[in-house]
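Close look at the chain arrangement
Next come the chains, spelled out residue by residue.
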Amino acid sequence: MKQTGPDGEDPRNPGAERRFALGSRCLLGRHPACDLRIDNPRVSGEHASLHWIGDRWELRDLGSRNGTFVDGRRLGAGERTVLAPGATFTLGGEHAFLLEDPSPPVASARHVTRGELRTATEGLLVLPDDDHPEVSIFENASGQWVAEEGDETRVVADRSVVVADGEGWIIDLPSASGSTSTWEAGALLPTLESVSLHFAVSRDEEHIEITVAHAAGAIPLAVRTHHYLLLTLARAVLADETASPAERGWVDRELLCRMLGADSRRLNVDVFRVRRQVAALGIHGAAGIIARRPGTGQLRLGTARVEVTKL
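So, here is what we can say about the structure in this document. This structure is a prediction, so every number in the text was calculated from the model and none was measured.

What counts, and where the lines are drawn
- Residues numbered from 1 in each chain as written.
- Predicted model: local features only at pLDDT ≥ 70, side-chain atom pairs only at ≥ 80, totals over all residues.
- Heavy atoms only, no water.
- Helix = DSSP H or I, 4+ residues; strand = E, 2+ residues; numbered from the N terminus.
- Buried < 20%, exposed > 50% of the residue type's maximum accessible area, 1.4 Å probe, protein only.
- Areas by Shrake-Rupley, 256 points an atom, 1.4 Å probe, with all protein chains shown as cover.
- Lys, Arg positive; Asp, Glu negative; His and termini not counted.
- Charge placed at Lys NZ, Arg CZ, Asp CG, Glu CD.
- Disulfide = S-S within 2.5 Å.
- Phe/Tyr/Trp six-rings, centres within 6.5 Å; stacked < 30°, edge-to-face > 60°.
- Contact = heavy atoms within 4.5 Å.
- Core = buried A, V, L, I, M, F, W, Y, C linked by side-chain atoms within 4.5 Å.
- Pairing = 2+ DSSP bridges.
- Axes fitted to C-alpha atoms, helices over the stretch in contact; angles between N-to-C directions.
- Patch = residues over 30% accessible without salt bridge, like charges linked within 9 Å, V, L, I, M, F, W, Y side chains within 5 Å.
- Salt bridge = Lys/Arg side-chain N within 4 Å of Asp/Glu carboxyl O.
- 1 Å grid on protein atoms, 1.4 Å probe; cavity = no way out; pocket = protein on both sides within 12 Å on 5 of 7 lines; lining within 4 Å.
- Points joined across faces, edges and corners; volume = space filled by probe spheres on them.
- Nonpolar A, V, L, I, M, F, W, Y, C, P; charged D, E, K, R; others polar.
- Parallel < 35°, antiparallel > 145°, perpendicular 65-115°, else oblique.
- Left-handed = near helix turned anticlockwise from the far one by under 90°.

Scanning the chain from N- to C-terminus turns up four helices and 25 strands. Considered along the principal axes of its C-alpha atoms, the chain spans approximately 70 × 40 × 35 Å. Burial statistics for the chain: of 311 residues in total, 43% are counted as buried. By element, 49% of the accessible surface of the chain is carried by carbon and sulfur atoms, the whole surface being about 15,500 Å². Side-chain charges in the chain split into 35 positive and 44 negative, and the spacing between the mean points of these groups amounts to 2 Å.

This is how it looks when you write it as structure tokens:
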């Protein structure tokens, strides 16, 4: 959604229009607790709300004093209306917004004091930011939203508060009834369980080529420095070939850091980057490409279907 009109310029980027990512629910108004705060006396404290209902966005006036207008028509107090793609609505007759993209909401987090919004990319939400991924939030194989922080993973609920780097974030999670279900999506996309990883490594190990293969074809991954993490975990899987599936391939975090020549912070960044790169291929459950064993400090590759050859 973008803000239009004379007040629609982004103050942080002069000349650029202000755009807003929407959670599954968004309260608009002048009150500091609103998801989208508009500091104007013509806008009521809680002026209007936006909700994702089923397969569409719905706007509701909350009894505002100066009105909520959709394409020029004023809504009655408490009236709800569906917003079509490209619809324009105005708060208080002055602040205009355009619904550019009618896509369903994604997981997001709003800072409890600054109002800063972080949204998930490829199903992965990290806090406080991409360079400091202290907490990763994603759907697990059972369709639950979980927060992973260090060695611990816990289920998180919609509108719960997650603390990252000592600061609170309010989590907004799409409901199963408000979007395509996890299992319906999984039926259309390759799943992590169905893919295999093929590594081709140069003799000096300076070059690593990785191909992700599934029933519909094979996709090479663009070369990245974090691929050595994947290779190290793949070799651990192959070295544990005789172990049971539950025990195969686990590597202690401190040992893994020594093998990679990295500290724990760098390891967390590389785990995040691996997950995001694999998720960008459209693989369902891609966040599980690297798994953590709760309470043990151990990590392993999320698939045992691996092959390592020489370039």
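Looking now at the state of the cysteines. Throughout the structure, instances matching the rule amount to zero disulfides. There is no disulfide at Cys-34, and the cysteine sulfur nearest it, in Cys-26, is 8.5 Å away. Assessed through its relative accessible area of 6%, Cys-34 is described here as buried.

What follows concerns the side chain of Ser-108. Here Ser-108 lies in strand S11 (residues 108-111). With relative accessibility at 2%, the residue Ser-108 sits in the buried group.

Applying the stated criterion across every chain yields a total of two aromatic pairs. Note on Trp-52 and Trp-57: the rings are 5.3 Å apart at their centroids and 70° apart in plane angle, and the pair reads as edge-to-face. With a relative accessible area of 2%, Trp-57 lands in the buried category.

Time to look at the environment of Val-146. Within the secondary structure layout, Val-146 lies in strand S15 (residues 145-149). Taking C-alpha positions, Val-146 is 25 Å from Arg-305, a pair spaced 159 residues apart along the chain. Ignoring sequence-local partners within four residues, the contact set of Val-146 consists of Ser-136, Ile-137, Phe-138, Asn-140, Thr-153, Arg-154, Val-155 and Val-156.

Moving on to the nonpolar core. By size, the foremost hydrophobic cluster in this structure holds 31 residues, and its most contacted members are Phe-199, Leu-229, Ile-289, Ile-290 and Leu-301. Of all elements in the fold, only strand S19 (196-201), strand S20 (208-214), helix H2 (227-239), helix H3 (253-260), helix H4 (264-279) and strand S24 (298-301) reach the threshold of two or more residues within this core. In terms of residue count, the dominant contributor to this core is H2 (seven residues). When residues no more than four places from it in sequence are discounted, the contact partners of Ile-289 are Leu-192, Leu-197, Leu-230, Val-274, Arg-275, Val-278, Arg-300, Leu-301, Gly-302 and Thr-303. One finds Met-1, Trp-52, Leu-75 and Leu-83 within the second-largest nonpolar core, a separate group that totals 21 residues.

The strand order across the open sheet built from four strands is S13-S14-S15-S16, with neighbouring strands paired in antiparallel fashion. In this open sheet, the two edge strands, each paired with only one partner strand, are strand S13 (125-129) and strand S16 (152-155). Pairs of neighbouring strands in the sheet enclose a mean axial angle of 25°, with direction left out of account. Judged from the five bridges that link them, strand S14 (residues 132-139) and S15 form a sheet pairing that is antiparallel.

What follows covers a nonpolar patch on the surface. A grouping of Val-112, Val-161 and Val-163 is seen on the molecular surface, where their side chains present a nonpolar patch of about 240 Å² in accessible area. Tracing the sequence through the fold places Val-112 in the loop between S11 and strand S12 (117-119). What makes Val-112 partly exposed here is its relative accessible area of 44%.

A few words now on the sheet that holds strand S22 (residues 251-252). On the basis of which strands lie adjacent, the open sheet formed by three strands has the order S22-S24-S23 and antiparallel pairing. Two strands close off the open sheet at either side, each with one partner strand: S22 and strand S23 (290-293). Its contacts with the sheet place H2 against S22, S23 and S24, and it is angled at close to 90° to S24.

What follows is about empty space enclosed by the protein. Scanning the model with the defined rule gives one cavity of 30 Å³ or more in all. By volume, the largest cavity is sized at about 60 Å³. Taken together, Pro-133, Glu-134, Ser-136, Glu-148, Glu-149, Gly-150, Asn-268, Val-271, Phe-272 and Arg-292 make up the full set of residues lining the largest cavity. Secondary structure elements with two or more residues in the lining of the largest cavity: S14, S15 and H4. Of the residues belonging to the lining of the largest cavity, the class tally is three nonpolar, three polar and four charged.

Where H2 contacts H3, the axes come no closer than 11 Å and their chain directions differ by 125°. Taken together, the axis directions place H2 and H3 in an arrangement best described as oblique. Here the hand of the crossing between H2 and H3 comes out right-handed. Touching Tyr-228, Leu-229, Thr-232 and Leu-233 of H2 are Leu-256, Met-259 and Leu-260, all from H3.

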